Structures are given as structure tokens and as C-alpha cells.
Amino acid sequence: MSDGLMQTVEALLFLSPDPVSAAELAEAVEADEDAVAAALDELGRSLEFERRGVMLRRVAGGYALAAVPQAEQAARRLLAKPRTPPLTQAQAEVLAIVAYLQPVARPEIARIRGVSSDSAVASLTERGMIEERGRT
């Protein structure tokens, strides 16, 4: 069995957010399903033998990489931290305007965007990405 096939299968499993069947993997790598099954077996043994932080799991009729059980508590602590949501389109537009024209007043931002930007300005201020200053 080719190490290249095993590496490719591992990469595809890493990239996939959902379990992937051997047939789907075989189609993606343009290889025989038996060869992919052998690569999956070898990958599972390799990850276990090397005592890596991930393991190969058979889930929902497919295969997926999963964290080892020993990492559960640390993973819970890491993932429990609140995540900052991405910027909305309006927030990104306001931020670009402020970055380009600073200092700029709210009415000028609204004029450039063509809509009220109070909500976007407030959320960017709350995030600490922009700050309001007095009149100049």
C-alpha cells in the first residue's frame, strides 16, 4: 500500500467536517475502494501506534478523525471559551470606511453607505475596533 494514498486519505478526513465513506474517499482519490480500505486500516494502526492526539473512528457509515479520549477535558475547556463572531457585511463596510477616512463622523458613514450605520458603529465600538471621539 502506498504511503501517499494513506497521507491523502488522512488529509481528506482532516478537511471533511462530516464522516466520509470508503467509497467517497475512493472516488476522491481515484483509487480502488479496497486500496482505500487498506489505507484506512493502516492509518488507524499508525495513529494508534504513534500515540497521536487523534484517532480514526468509524462513525455514521463513514470514517472521521477524532480527538483521543484523554484530551476530552482540555478540549472542553478550550472550546468553552466564547468566540467572537465574524463581522457582518455592514460592520465590514463601516470598518473599511473608518479605516480609510478617519477621522469620520457617523453622518458621513451613513452617506457613503446609503443607509443608517448606527448599529454597525455600536457593535464595532463594543468590540473595541473603533472608538468615538468628540467633535473637532
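Computed from a prediction, not measured in an experiment: that's the story for all the values here.

## Focus on the overall build of the protein
Helix and strand content of the protein: 7 helices and 2 strands. Each helix and strand of the protein, placed in order from N terminus to C terminus, yields the pattern α-α-α-β-β-α-α-α-α. For the protein, whose C-alpha radius of gyration is 25 Å, the value lies well above the compact-globule estimate of 14 Å for 136 residues. If one aligns the C-alpha atoms of the protein with their principal axes, the spans along those axes are about 70 × 35 × 25 Å. Residues classed as buried in the protein amount to 24% of the 136 residues present. Taking contacts inside the protein between residues at least 6 apart in sequence as the whole, the part at least 24 apart equals 46%. One finds the centroid of the 15 positive side-chain charges in the protein at a distance of 14 Å from the centroid of its 20 negative side-chain charges.

## Structural notes on the layout of surface pockets
There is about 170 Å³ of room inside the second largest pocket. Around the second largest pocket sit Leu47, Glu48, Arg51, Arg52, Val54, Met55, Val68, Pro69 and Gln70, which together line it. Partitioned by chemical class, the residues of the lining of the second largest pocket number 5 nonpolar, 1 polar and 3 charged.

## Re the nonpolar core
Residues Val9, Leu13, Leu25, Val36, Leu40 and Leu56 are the most contacted members of the largest nonpolar core, which totals 16 residues. Counting residues per element, the ones that place at least two in this core are helix H1 (3-15), helix H2 (22-29) and helix H3 (33-49). One finds Val94, Ile109, Leu124 and Ile130 within the second-largest nonpolar core, a separate group that totals 8 residues.

## Quick look at the environment of Val121
Relative to the assigned elements, Val121 resides in helix H7 (residues 118-126). Taking the relative accessible area as the measure of exposure, Val121 reaches 3% and is therefore buried. A C-alpha to C-alpha distance of 10 Å links Val121 and Glu93, two positions 28 residues apart in sequence. Beyond its immediate stretch of four places on either side in the chain, Val121 contacts Val94, Arg106, Ile109 and Ile130.

## A look at the side chain of Ser21
Here Ser21 shows up in the loop between H1 and H2. Among all residues touching Ser21, those that are not within four sequence positions of it are Gly61 and Gly62.

What counts and what doesn't
Residues numbered from 1 in each chain as written. Predicted model: local features only at pLDDT ≥ 70, side-chain atom pairs only at ≥ 80, totals over all residues. Heavy atoms only, no water. Helix = DSSP H or I, 4+ residues; strand = E, 2+ residues; numbered from the N terminus. Rg over C-alpha atoms; globule rule 2.2 N^0.38 Å. Buried < 20%, exposed > 50% of the residue type's maximum accessible area, 1.4 Å probe, protein only. Contact = heavy atoms within 4.5 Å. Lys, Arg positive; Asp, Glu negative; His and termini not counted. Charge placed at Lys NZ, Arg CZ, Asp CG, Glu CD. 1 Å grid on protein atoms, 1.4 Å probe; cavity = no way out; pocket = protein on both sides within 12 Å on 5 of 7 lines; lining within 4 Å. Points joined across faces, edges and corners; volume = space filled by probe spheres on them. Nonpolar A, V, L, I, M, F, W, Y, C, P; charged D, E, K, R; others polar. Core = buried A, V, L, I, M, F, W, Y, C linked by side-chain atoms within 4.5 Å.

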